[in-house]
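Coordinate analysis (summary)
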Amino acid sequence: DGMWFYDDVPINQAGSVVGMKFNDAVTNVRWSGIMNGVGDNLFAPADPYTREQSILTMLRLYDFVK
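This write-up is about the structure you can find in this document. Values in this document were obtained by computation on a predicted structure and should not be read as measured data.

1. Section: the overall build of the protein
Within the protein, the secondary structure is distributed over 2 helices and 0 strands. Scored against the burial criterion, the 66 residues of the protein give a buried share of 15%. Taking the contacts inside the protein whose residues are at least 6 apart along the sequence as the reference set, 52% of them involve residues at least 24 apart.

Structure below.
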């Protein structure tokens, strides 16, 4: 269906609107190329966000908006 779902990002558990909004945000940053997850089809939203990841995100955002 053209959607991208990570194994550790809930699609929509028990009709949760919050879960769906979270999934939409993750899907959007994936398809825009801003964030790609950590590998093995995982996004790891609860893991620490490193300085290196932050720098890469900012560079990708810069490329995305220019």
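2. Thoughts on unusual backbone geometry
Notably, Asp 40 is not glycine yet its phi reads approximately 55 degrees, a positive angle. Within the fold, Asp 40 resides in the loop between helix H1 (17–31) and helix H2 (51–65). Residue class for Asp 40 comes out exposed when judged on its relative accessible area of 73%. Non-glycine residue Asn 41 carries a positive phi angle of around 60 degrees. Position of Asn 41 among the secondary structure elements: in the loop between H1 and H2. Overall, Asn 41 belongs to the partly exposed group, its relative accessible area being 29%.

3. Details of a nonpolar patch on the surface
On the surface, Ile 55, Leu 56 and Leu 59 cluster together into a nonpolar patch covering about 290 Å² of accessible area. With respect to the helices, strands and loops of the structure, Leu 59 is situated in helix H2.

4. Some thoughts on the environment of Asp 63
Inspection of the secondary structure assignment puts Asp 63 in helix H2. For Asp 63, a relative accessible area of 47% corresponds to the partly exposed category. Separated by 29 residues in the primary sequence, Asp 63 and Ile 34 place their C-alpha atoms 9.1 Å from one another.

5. Some words on the environment of Phe 43
If you trace the backbone, Phe 43 turns up in the loop between H1 and H2. Judged by relative accessible area, Phe 43 falls into the buried class, the value being 15%. Each C-alpha atom, one on Phe 43 and one on Arg 30, is 9.5 Å from the other, the two residues being 13 residues apart in sequence. Beyond its immediate stretch of four places on either side in the chain, Phe 43 contacts Tyr 6, Asp 8, Val 9, Val 26, Val 29, Met 35, Gly 37 and Val 38.

Reading guide: rules and limits
Residues numbered from 1 in each chain as written. Predicted model: local features only at pLDDT ≥ 70, side-chain atom pairs only at ≥ 80, totals over all residues. Heavy atoms only, no water. Helix = DSSP H or I, 4+ residues; strand = E, 2+ residues; numbered from the N terminus. Buried < 20%, exposed > 50% of the residue type's maximum accessible area, 1.4 Å probe, protein only. Contact = heavy atoms within 4.5 Å. Patch = residues over 30% accessible without salt bridge, like charges linked within 9 Å, V, L, I, M, F, W, Y side chains within 5 Å. Areas by Shrake-Rupley, 256 points an atom, 1.4 Å probe, with all protein chains shown as cover. Salt bridge = Lys/Arg side-chain N within 4 Å of Asp/Glu carboxyl O.

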